[in-house]
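Notes for the structure review
Here is how the chains run, residue by residue.
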Amino acid sequence: LLDEWSKDESPKLTNAGEAERAMKKMDYAMKSLRKSRTLNALEQSSLDVSAALIDVAATEECYNPFLCLQQAAMYAELGSKLGSNDEPFKKCLPSKERCTALEALVILGRADCLRAILFLHEAQYLCSWVISVCRLHRDRQEATFLWNDRWRVIGVLCYVTKATIDQTGEDLRNNKKSALTLRKWEDGAQEEANRGKSDALILVGTDSGEVGNELPQIEVDDNAGNDSTMLDAIQDDLMLDASQHETGLVSQNANGLVAEPFDFNQLGELPVPVIEDVQMGGEYDGIQVVGI
């Protein structure tokens, strides 16, 4: 998806100062996480890291916002569930007429983080909102809403996010961990999700006629330490089988953000992220996780 996302050559509004502030916030959050000595401190720091990663992904200077949002959901899963833990992910929504593809991507990332901490109704609302914007851009009669490569990627992510929210709700009910019932998706949202699915199949070169119209069920191992996240299934190759994916912590090279891959284990579980200090010339230089 990163390749498809990068095809868009329209002018971008960059802000180096904002990107620098986002990176400083990220570095501070990682240092606080490193200093955590209690479970409560670890959970709170994990949510802070998650929110900081979303801020990094929201900048045009970020080379790979998909990886940042994937890591944000992973850290959110390490945080405390429910309560007031949704506060770091509350932001004002832009108007639908002015919403950019990057803003829509970040909103879907926040929805996935809210899903990870079991705020399913809030996650469902944000996902539905982005779906409604994506429908406007896909509608050829809406001349003011342009359709391009980035919005095609948003359509694919709407489909994946919706399926992940549905699966999380079903898992909670099956495990009797919550009596929460998701609201029924509007017909328009279901239709747009199916269109996003078709776009995903086109990107991987699969004939949509070979696959049914129903959204696929995302397998989640009940014994796994972390649930599947929105972006586990949508690396650049968009392989739909999670067992074939690689993911990793984020590091920086001359070209920007890159992943240091590690494999899923045989149960499909994601390993717990390992945070390492960086030594520069024998002196402590903080924890480097992401870069611009």
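If you're wondering where the values come from, they're calculated on a predicted model, not measured in any experiment. (Residues numbered from 1 in each chain as written. Predicted model: local features only at pLDDT ≥ 70, side-chain atom pairs only at ≥ 80, totals over all residues. Heavy atoms only, no water.)

Brief notes about the side chain of Thr59
When you line up the elements, Thr59 lands in the loop between helix H3 (39-57) and helix H4 (65-77). For Thr59, a relative accessible area of 4% translates into the label buried. A polar side-chain atom of Thr59 sits 2.8 Å from the main-chain carbonyl oxygen of Val56. (Helix = DSSP H or I, 4+ residues; strand = E, 2+ residues; numbered from the N terminus. Buried < 20%, exposed > 50% of the residue type's maximum accessible area, 1.4 Å probe, protein only. Polar contact = N/O pair within 3.5 Å; in protein donor to acceptor, adjacent residues only side chain to side chain.)

Considerations on the packing of aromatic side chains
Working definition: an aromatic ring pair is given by the centre-to-centre distance plus the angle between the planes. Following the criterion strictly, the structure yields one aromatic pair and no others. Summarising the aromatic geometry, the rings of Trp5 and Phe66 are spaced 5.5 Å apart at their centres and angled 85° between planes, so their arrangement reads as edge-to-face. Pair noted here: Trp5 is in helix H1 (residues 2-6) and Phe66 is in helix H4, with a separation of 61 residues, a long-range link. Accessibility assignment for this pair places Trp5 and Phe66 in one class, buried. (Phe/Tyr/Trp six-rings, centres within 6.5 Å; stacked < 30°, edge-to-face > 60°.)

What to know about the environment of Asn64
By the secondary structure assignment, Asn64 is in the loop between H3 and H4. For the pair formed by Asn64 and Leu1, sequence separation is 63 residues and the distance between their alpha carbons is 9.9 Å. Separated by 3.1 Å, the side chain of Asn64 and the backbone nitrogen of Leu67 make a polar contact.

Here we look at the environment of Gly169
Within the secondary structure, Gly169 is located in helix H7 (residues 149-174). With a relative accessible area of 2%, Gly169 lands in the buried category. Spatially, the C-alpha atoms of Gly169 and Thr181 are 7.2 Å apart, while their sequence positions differ by twelve residues. Excluding anything up to four places from it in sequence, Gly169 contacts Leu120 and Leu182. (Contact = heavy atoms within 4.5 Å.)

Section: the layout of surface pockets
Each pocket or cavity is described by its volume, and for the largest pocket that value is around 990 Å³. Lining the largest pocket are 41 residues, with Ala58, Glu60, Thr100, Leu102 and Glu103 sitting closest to its centre. Per-element accounting of the lining of the largest pocket gives the leading share, six residues, to helix H5 (residues 101-116). Of the residues assigned to the lining of the largest pocket, the class counts are 19 nonpolar, eight polar and 14 charged. (1 Å grid on protein atoms, 1.4 Å probe; cavity = no way out; pocket = protein on both sides within 12 Å on 5 of 7 lines; lining within 4 Å. Points joined across faces, edges and corners; volume = space filled by probe spheres on them. Nonpolar A, V, L, I, M, F, W, Y, C, P; charged D, E, K, R; others polar.)

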